[in-house]
Amino acid sequence: MSKTNKELAVDVAIEYIRAHQKQIVASPNNIIKETTMINLESVNNIIKSVYKTLEDFDKSSGQ
């Protein structure tokens, strides 16, 4: 059974989170810190955008 557009959108968001979990930053005085580069709003935007795109593809292909 194939995944729904909602499931696919969430899968994309999960992979986005995995890919952007941490970033190591070194400051000019050689202090190293880890920072996260994503927030909840960006994850929500990804889910909505991917879902809308998939829905648009389905509508244009007649499904």
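Right, let's walk through the structure included here. Please read these numbers as outputs of a predicted model, since none were measured by experiment. (Residues numbered from 1 in each chain as written. Predicted model: local features only at pLDDT ≥ 70, side-chain atom pairs only at ≥ 80, totals over all residues. Heavy atoms only, no water.)

## Some remarks on helix 2 (residues 40-60)
- Between the first and last C-alpha of helix 2 there are 30 Å, a value that for 21 residues agrees with the 30 Å anticipated at 1.5 Å per step.
- Structurally, helix 2 contributes buried residues whose contacts are with helix 1 (5-19).
- The opening residue of helix 2, the one whose side-chain oxygen lies 3.2 Å from the backbone nitrogen of Glu41, is Asn39.
- Gly62 lies just past helix 2 and shows a positive phi near 85°. (Helix = DSSP H or I, 4+ residues; strand = E, 2+ residues; numbered from the N terminus. Expected span 1.5 Å × (residues − 1). Contact = heavy atoms within 4.5 Å. Polar contact = N/O pair within 3.5 Å; in protein donor to acceptor, adjacent residues only side chain to side chain.)

## Looking at the pairing of strand 1 (residues 23-26)
- In the sheet, strand 1 pairs with strand 2 (residues 32-35) via 4 bridges, with the strands oriented antiparallel. Across the sheet, residue Ala26 finds its bridge partner in strand 2, namely Ile32.
- Connecting the antiparallel pair strand 1 and strand 2 is a turn made up of 5 residues, with Asn30 showing a positive phi of about 65°. (Pairing = 2+ DSSP bridges.)

Geometric descriptors of this kind do not, in isolation, establish any biological role.
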